[in-house]
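# Breakdown of the fold
Here is how the chains run, residue by residue.
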Amino acid sequence: MKTPIAWRNLTHNKRKLAVAIAGVAFAVVLMFQQTGFENALFDSTVEVVKQTRCDLLLLNPARFSLSSELRFNRNHLQLAAGVEGIKSAHPLFIDNTVALFHAKEPTNPPKPRPIRVLGVDPKKALFHSVEITAQMPKLEEPDTALIDRLSKPEFGFSFQDRQLVGNTQGSLLGHPLEMVGTFKMGRDFAHEGNLIVSQKNFSKYFQYRGADPLAVVDLGLIQLDDPGESDLVLRRLGDLMPEGVTVVTKEDFIQREVGFWSASTPIGIIFKIGTVMGFLVGTIICYQILATDISDHLSELATLKAMGYGTAYFRRLVITESLILSGLGFVPGLLLSLVVFEINAQATGLIMAMTVPRAMFILLLTILMCLISGWFAMKKLISADPASLF
Amino acid sequence: MLADSKTIDELLKNWDPEPDSLRIQVTDLQHSYGSGDAEKQVLFNNHLSIPAGEIVIMTGPSGSGKTTLLTLIGTLRSVQQGSLKIMGQELNGLSAAKIVNLRQEIGFIFQAHNLFESLTAYQNVRMSTELLSKNEKESGPEIKAILKRLGLGERIHYKPKNLSGGQKQRVAIARGLINRPKLILADEPTAALDAESGREVVTMFQELASQTGCTILIVTHDNRILDVADRIVNMVDGRISSNVMVQRSSTLCSIIRGFPAFSELTASNLTAVADSLQLRRFTKGESIIKQGEVGREFYVIAQGSVDILIDGKPVNRLEAGDYFGEVALIKDQPRNATVTATESTACFMLSKVDFQSIVDASPPFEDEVRRAIFDRQ
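Residues numbered from 1 in each chain as written. Chains lettered and ligands numbered in written order. Predicted model: local features only at pLDDT ≥ 70, side-chain atom pairs only at ≥ 80, totals over all residues. Heavy atoms only, no water.

### Observations regarding the overall build of chain A
Regarding its fold elements, chain A presents twelve helices and 13 strands. Whereas a compact globule of 390 residues would reach a radius of gyration of roughly 21 Å, chain A reaches 28 Å, over 25% beyond that. Relative to its 390 residues, chain A shows a buried fraction of 53%. Counting only contacts in chain A whose residues sit at least 6 apart along the sequence, the fraction spanning at least 24 positions is 78%. Entry remark: accessible area of chain A is about 17300 Å², with carbon and sulfur atoms responsible for 62%. Treating the 37 positive side-chain charges of chain A as one cloud and the 36 negative ones as another, the clouds have centres 7 Å apart. (Helix = DSSP H or I, 4+ residues; strand = E, 2+ residues; numbered from the N terminus. Rg over C-alpha atoms; globule rule 2.2 N^0.38 Å. Buried < 20%, exposed > 50% of the residue type's maximum accessible area, 1.4 Å probe, protein only. Contact = heavy atoms within 4.5 Å. Areas by Shrake-Rupley, 256 points an atom, 1.4 Å probe, with all protein chains shown as cover. Lys, Arg positive; Asp, Glu negative; His and termini not counted. Charge placed at Lys NZ, Arg CZ, Asp CG, Glu CD.)

Below is the structure:
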């Protein structure tokens, strides 16, 4: 085995090593933070759909995003329910903008804020969450709701104590509403919190939707007999459905929603720029570390040149140092990011998910970052002149 | 009368090395730094030929160009003008890849030790053996042996931080010597060493030179090691001002002191004569000087014998240690006899021009020679 000079040089001075690792880890955290927020934007936005039990969704074709309140006629849903291969078709009513909600306290009530209200048939198990399904019967009572524990604290609820939340009075659109339980869904960039109510209660609160508030549906949740046949049923349903309603698979819907936020809103681009900034900062830090390491050993490296070590050897040396640096910086950066994600999630109610592919992506960026700075630092090394040693 | 014939044999054999055995061959080498108006020439018309196995000490004031010459020989600078061959390879216009390969045959010892602080003494030396992709089984014992030899046996696995200045320098020397290079270039290698380790280092130099035939070029001001030099090259203002083969010169001195013509010369004049002597070889029957020609050379027979002929008739036979043609040094008279080699003969020749330059440098010399040559006639 050859003398591991790259490793030795990087790790020789422990203080410098610690600074170097901290520098790279900082850049890693920065990139994780930015991509984390970007992903949180997407994850949180589609969380409500992910939590529902459905294979296909019916919606108004003009509904460009979940938060745009464009609806379709409920009759279309009943039409769909009869199609072969469809097990069930249930409406999901969503209302947001005018749903002013706050905790009702005897003195000094907080300012009402908009909250997203989901109206469902409490007899149907429309959510994956066992917690929600178990509490559905409670919603049969008039003026009752389940509240998302991740809703903004500004609504005036102390979500830490489920028991307490469960017995707090609230006020929705000026009418009293009793919290009978909690669930977990999460906020996103457009919604500060969530309530689940029965569709009967929903129609009572949102009378402005028309004579029959339940006549227009936000999303139609369709479950299939055989989820494997979704393409087939999708086509069958697509042929049948009139204008004014469209059908998509759950996956497509999620992708469309993510695509909207990522491409059509500045928010997605802002976080991408943030990631690039993290990358650039990391590249500069990394270059500084590698260039300093090379300057510190310039006469020794020039001696190696005089001894007959060629350019290829020095390329390998710098690449090895870059890879070691990215590895050493990534691990603490990842661990620190997990902590930061947790803090973010608690502070914002956003879903900060660290998945293996996302971590791999940042690892790749980290390696790339170190290699690019290595490439620049290499120029310094190549210019080391052994003739200056005499 | 003469030094033992074996010494003379040796001397004659190595007098003119074959061009193939030259490790360094510098021909009309020029070098400048900067360009345009700022261009400053630092080497002028330098010539130097050094055969294998020679230890050369290079001296000269700082700024005289010796370091530039050393880096040019070491392939660390590109040759601009003139020819520079090392190990028979022309460096002028050589590709970068070939230069890298050539460097592996050169051992560098720099004034600063340039050791990696992160590596032990052993690992620093190993950086050198790894170049030749030797495995550690093979190189490990060699590295330990050389470090032990240099008095670092107890500190093989110490890092430079825990070594003294002299010890670090010895590790650097071990790194330069471990691959038994054909050419060693050293810049003040003993400056940081005490007398004892300095001596050990130059003894190793001598062993390497005689055992492996490696050529060693040392830039130094350390008088303590001048005795190991086969040749001392002095540079002044970008030119080689003197190139003295001290070893040969001292052998020659002891030989020519035995010659009656030079026995009474002072040491400095003897050296001057020895340095000016040229070797001439003649085959059997070849005429060395001819009667009637104007003579400009003085000869001493080193080996063989000659016949003196006046008007075609042999009048005398001269053998090794005898001399002839001495009148030419003092007077511009035509030769009064013909001299012909009777066998394969070698003569040391002193030309009138060289003689005159020694005379110019030391006027009493002429008297010494006149007395020496003519008192005995």
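Having seen the model, we can carry on.
### A word on the sheet that holds strand S6 (residues 106-109) of chain B
All names here are of chain B. Spatially, six strands are ordered S6-S7-S8-S3-S9-S10 in an open sheet, and the strand pairing comes out mixed. One side of each edge strand has no neighbouring strand; the edge strands of this open sheet are S6 and strand S10 (239-244). Here the strands of the sheet are splayed against their neighbours by 15° on average, with no regard to which way each runs. (Pairing = 2+ DSSP bridges. Axes fitted to C-alpha atoms, helices over the stretch in contact; angles between N-to-C directions.)

### Digging into empty space enclosed by the protein
With the rule as written, the count across this model stands at four cavities of 30 Å³ or more. Considering only enclosed or pocket space, the largest cavity measures out at about 100 Å³ in volume. As for the largest cavity, its lining consists of Met-307 of chain A together with Gln-104, Ile-106, Gly-107, Phe-108, Ser-128, Leu-131, Leu-132, Arg-175, Gly-176, Asn-179 and Pro-181 of chain B. Its residues assigned to classes, the lining of the largest cavity shows six nonpolar, five polar and one charged. (1 Å grid on protein atoms, 1.4 Å probe; cavity = no way out; pocket = protein on both sides within 12 Å on 5 of 7 lines; lining within 4 Å. Points joined across faces, edges and corners; volume = space filled by probe spheres on them. Nonpolar A, V, L, I, M, F, W, Y, C, P; charged D, E, K, R; others polar.)

### A few points about the layout of surface pockets
Here the largest pocket is characterised by a volume of approximately 890 Å³. Of all the elements in the fold, those that place two or more residues in the lining of the largest pocket are helix H1 (5-13), strand S2 (40-51), S10, helix H8 (246-257), helix H9 (267-276) and strand S11 (278-282) of chain B. With five residues, the single largest contributor to the lining of the largest pocket is H8 of chain B. Its residues assigned to classes, the lining of the largest pocket comprises 13 nonpolar, twelve polar and eight charged. In this structure, the lining of the largest pocket is formed jointly by two domains, domain 1 (16-247) and domain 2 (267-375) of chain B, each of which donates at least three residues. For the second largest pocket, the lining is made up of 21 residues, of which Arg-149, Leu-150, Ala-345, Gln-346 and Gly-349 of chain A are closest to its centre. Elements represented by at least two residues in the lining of the second largest pocket include exactly helix H2 (14-51) and helix H11 (311-348) of chain A. Of the residues contributing to the lining of the second largest pocket, the split by class is nine nonpolar, five polar and seven charged. Taken domain by domain, the lining of the second largest pocket gets at least three of its residues from each of domain 1 (5-45 + 266-389) and domain 2 (51-250) of chain A. (Domains from an automatic or database assignment.)

### Here we look at helix H6 (residues 165-177) of chain B
Taking 1.5 Å as the rise per residue, H6 of chain B with 13 residues should run 18 Å; its terminal C-alpha atoms sit 19 Å apart, in good agreement. Counting buried positions along H6 of chain B yields twelve of 13 residues, so the element is predominantly enclosed. Buried within H6 of chain B we find Gly-166, Gln-167, Lys-168, Gln-169, Arg-170, Val-171, Ala-172, Ile-173, Ala-174, Arg-175, Gly-176 and Leu-177 of chain B. Along its buried surface, H6 of chain B packs onto helix H10 (298-307) of chain A together with S6, helix H4 (121-129), helix H5 (136-149), strand S7 (183-187) and helix H7 (195-212) of chain B. (Expected span 1.5 Å × (residues − 1).)

### Remarks on the sheet that holds strand S14 (residues 305-310) of chain B
The strands making up a sheet associate through backbone hydrogen bonding, with each pair oriented either parallel or antiparallel. Residues and elements named next belong to chain B. On the basis of which strands lie adjacent, the open sheet formed by four strands has the order S12-S17-S14-S15 and antiparallel pairing. Across the chains shown, the open sheet's two edge strands, defined by having one partner strand only, are strand S12 (287-289) and strand S15 (313-319). The mean angle between the axes of side-by-side strands here comes to 30°, regardless of whether they run parallel or antiparallel. With six bridges joining them, S14 and S15 adopt antiparallel strand pairing. The residue of S15 that forms the bridge with Ser-305 is Glu-319.

### Comments concerning the interface of chain A and chain B
Across the boundary between the two partners, chain A contributes 25 residues, which contact 26 residues of chain B. Buried surface at the junction of chain A and chain B, summed over both partners, amounts to about 2500 Å²; 63% is from carbon and sulfur atoms. A per-residue breakdown of the area chain A buries against chain B is headed by Thr-3, Met-307 and Phe-390 of chain A, which together make up 30% of the total. Linking chain A with chain B are seven residue pairs in polar contact (both at pLDDT 80 or more), by the criterion used here. Residue assignment for the side of chain A that touches chain B shows that the elements contributing at least two residues are helix H1 (5-12) and H10 of chain A. By residue number, the principal contributor to the side of chain A that touches chain B is H10 of chain A, which donates eight residues. (Buried area = accessible area lost by both parts, 1.4 Å probe. Polar contact = N/O pair within 3.5 Å; in protein donor to acceptor, adjacent residues only side chain to side chain.)

### A look at the environment of Leu-371 of chain A
Within the secondary structure layout, Leu-371 of chain A lies in helix H12 (residues 356-382). Along the primary structure Leu-371 of chain A and Val-318 of chain A are separated by 53 residues, whereas in three dimensions their C-alpha atoms are 8.5 Å apart.

### Examining the packing of helix H9 (residues 266-296) of chain A against H10 of chain A
Residues and elements named next belong to chain A. As a packed pair, H9 and H10 sit with axes 5 Å apart at the nearest point and diverge in direction by 70°. With respect to H10, the axis of H9 lies roughly perpendicular. Taken together, the residues of H10 that come into contact with H9 (itself represented by Ile-294, Ser-295 and Asp-296) are Leu-298, Glu-300 and Leu-301. (Parallel < 35°, antiparallel > 145°, perpendicular 65-115°, else oblique.)

### Observations concerning the domain arrangement of chain A
Residues and elements named next belong to chain A. Segmentation of chain A into domains returns domain 1 (5-45 + 266-389) and domain 2 (51-250). Taking only C-alpha atoms, the centre of domain 1 and the centre of domain 2 are 45 Å apart. On the side of domain 2, seven residues touch domain 1, which itself brings eleven residues to the contact. Per-residue buried area on domain 1 facing domain 2 is highest for Thr-45, Gly-349 and Leu-350; these three make up 49% of the total on that side. Here the side of domain 1 that touches domain 2 gets four residues from one element, more than from any other, and that element is H2.

### Quick look at H5 of chain B
Along an α-helix, residues three or four apart share an orientation, since each turn contains 3.6 residues. All names here are of chain B. The end-to-end C-alpha distance of H5 is 19 Å, a good match for the 20 Å that 14 residues give at a rise of 1.5 Å each. Within H5, the full set of buried residues consists of Ser-139, Gly-140, Ile-143, Ile-146 and Leu-147. Along H5, the residues classed as buried sweep out an arc of 145° about the axis, all on the same side. Those residues of H5 that are exposed and angled more than 90 degrees off the buried face are Lys-137 and Lys-148. Where the residues of H5 are buried, they touch H4, H6 and H7. Two residues or fewer past H5, Gly-151 is found with a positive phi of approximately 80°. (Arc of directions from axis to C-beta.)

### Section: the pairing of S7 of chain B
Residues and elements named next belong to chain B. The element S7 is extensively covered by neighbouring structure, given that five of its five residues are classed as buried. Burial of S7 is two-sided: the residues Leu-183, Leu-185 and Asp-187 facing one way and the residues Ile-184 and Ala-186 facing the other way are all buried. Strand direction decides the pairing type here: S6 and S7, joined by four bridges, are parallel. Residue pairing across strands places Phe-108 opposite Leu-185, the latter belonging to S7. Across five bridges, the pairing between S7 and strand S8 (residues 215-219) is parallel. Following the sheet pairing, Leu-183 is matched in S8 by Thr-215. Note that the unit made of S7, H7 and S8 has a crossover that is right-handed. (Right-handed = clockwise from strand over helix to strand, strands pointing away.)

### Considering unusual backbone geometry
Although it is not a glycine, Leu-173 of chain A sits at a positive phi angle of roughly 50°. Relative to the helices and strands, Leu-173 of chain A resides in the loop between strand S8 (169-172) and strand S9 (175-183). Although it is not a glycine, Met-87 of chain B adopts a positive phi angle of roughly 50°. Examined against the element boundaries, Met-87 of chain B turns out to sit in the loop between strand S4 (81-86) and strand S5 (89-90).

### Considering the nonpolar core
In terms of nonpolar packing, the biggest core is built from 44 residues, with Leu-301, Leu-304, Tyr-309, Phe-314 and Leu-325 of chain A together with Met-127 of chain B touching the most fellow members. Counting only elements with at least two residues in this core, the list comes to H1, H2, H9, H10, H11 and H12 of chain A. At nine residues, the largest contribution of residues to this core is made by H11 of chain A. Ranked by size, the runner-up nonpolar core spans 37 residues in total, among them Val-42, Leu-72, Phe-110 and Leu-185 of chain B. (Core = buried A, V, L, I, M, F, W, Y, C linked by side-chain atoms within 4.5 Å.)

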